[in-house]
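Coordinate inspection notes
Each chain, letter by letter, is given below.
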Amino acid sequence: MSISVSLLSALPFFEGLDESSLQELSKIATLRSFKPTATIGQAGEVHEAVAYVTAGQLQTKELADDGRVVSLTVLGAGAWIGWLSIVDERYVSQEVTCLTHCQVITFPTRLLKTIVQHNNTLLNRLLALAVQSIELNRRQRMMLTLPNAFQRVCFQISQLSSEVNSETLERISALPRQHELASAANTSRETVSRTLQMLVRAGVIDKIGHRVVVRRLDLLKRLAYDGPEALEASAAN
């Protein structure tokens with residue numbers, strides 16, 4: 001499905017672009033929808049198209065050469081998939097899967113690269129994406145320095161991108177599979193399961209189907225740094 005200039009201009013990343021640039025982008029853009037569990041990108045593929053997420057949640061897994069999950073992120077509206085291929089057209093090490101119904105706008109990589117190279121506004125916004133990517137990698141490295149698995153699992157859950165309920169300010173996110181959380185946090189699936197049960201009993205999170213509602217983000221972050229002892233301190237208060 002093609003994209004109108006008016007629809008494109010309403011999206012945050014493209015907001016403020018001149019009419020000529022929007023026309024160029026709309027000509028090469030395609031709107032696509034995916035069902036939950038659909039795979040958008042496989043590790044080892046060359047990205048011939050990049051995608052901008054307009055709705056839904058997707059999970060990206062960074063894979064090691066032996067197939068282990070070394071990084072796990074949940075993306076929402078406003079995120080880009082495969083944007084680094086605009087700079088470097090080599091294969092990618094990420095696998096991207098829809099956690100919910102998703103809608104994305106795809107652009108052929110080479111055509112988008114040509115437009116970006118002649119548009120300072122788009123170049124600056126891609127630089128901002130690079131900064132976000134560096135910060136995400138820094139947080140992932142920080143997680144692996146935490147001394148025990150409970151802390152690493154709490155840190156991983158607290159970092160998942162998510163929707164925010166405007167009334168309760170609770171964070172709502174699709175929950176990745178336990179064995180994937182375990183691999184990213186360098187622990188076992190059993191440890192992830194026990195940690196989730198402990199967090200539910202303490203009222204820090206709720207599990208609703210394949211979604212997690214974070215009731216106490218402040219406490220979840222404390223648990224990531226202080227360990228399970230923070231639960232006892234919170235209960236005492």
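See the structure above.
Reference entry: report on the structure contained in this document.

About the criteria used
- Residues numbered from 1 in each chain as written.
- Predicted model: local features only at pLDDT ≥ 70, side-chain atom pairs only at ≥ 80, totals over all residues.
- Heavy atoms only, no water.
- Helix = DSSP H or I, 4+ residues; strand = E, 2+ residues; numbered from the N terminus.
- Buried < 20%, exposed > 50% of the residue type's maximum accessible area, 1.4 Å probe, protein only.
- Contact = heavy atoms within 4.5 Å.
- Areas by Shrake-Rupley, 256 points an atom, 1.4 Å probe, with all protein chains shown as cover.
- Axes fitted to C-alpha atoms, helices over the stretch in contact; angles between N-to-C directions.
- Parallel < 35°, antiparallel > 145°, perpendicular 65-115°, else oblique.
- Left-handed = near helix turned anticlockwise from the far one by under 90°.
- Nonpolar A, V, L, I, M, F, W, Y, C, P; charged D, E, K, R; others polar.
- Core = buried A, V, L, I, M, F, W, Y, C linked by side-chain atoms within 4.5 Å.

It is worth spelling out the overall build of the protein at this point. For the protein, the helix and strand inventory stands at 9 helices and 12 strands. The burial tally for the protein puts 44% of its 237 residues in the buried class. The contacts in the protein between residues at least 6 apart in sequence include a share of 70% that link residues at least 24 apart. Taken as a whole, the protein presents about 12600 Å² of accessible surface, with 51% of it coming from carbon and sulfur.

One non-glycine residue, T37, lies in the positive phi region at around 80 degrees. Along the polypeptide, T37 turns up in the loop between β1 (30–34) and β2 (39–41).

Further remarks concern the packing of helix α4 (residues 120–144) against helix α5 (residues 149–158). Axis separation between α4 and α5 bottoms out at 9 Å; the angle between their running directions is 160 degrees. Overall, the two elements α4 and α5 adopt an arrangement that is roughly antiparallel. The two elements α4 and α5 cross, and the hand of that crossing is right-handed. The segment α4 lies against α5, with R139, Q140, M142, M143 and L144 engaging R152, F155 and Q156. Grouping the amino acids of the contact of α4 with α5 by side-chain chemistry returns 4 nonpolar, 2 polar and 2 charged.

Take the nonpolar core next. Membership of the largest hydrophobic core comes to 28 residues, with the highest contact counts inside it found for C154, L199, V204, I205, L220 and L223. Counting only elements with at least two residues in this core, the list comes to β5 (69–75), α5, α6 (178–184), α7 (189–201), β12 (211–214), α8 (217–226) and α9 (229–236). With 5 residues, the single largest contributor to this core is α5. With near-sequence residues (within four places) excluded, C154 lies in contact with T195, L199, L220, L223 and A224. Membership of the second largest hydrophobic core comes to 25 residues, among which are L25, L31, I86 and I115.

So yeah, pure geometry; function would need other evidence.
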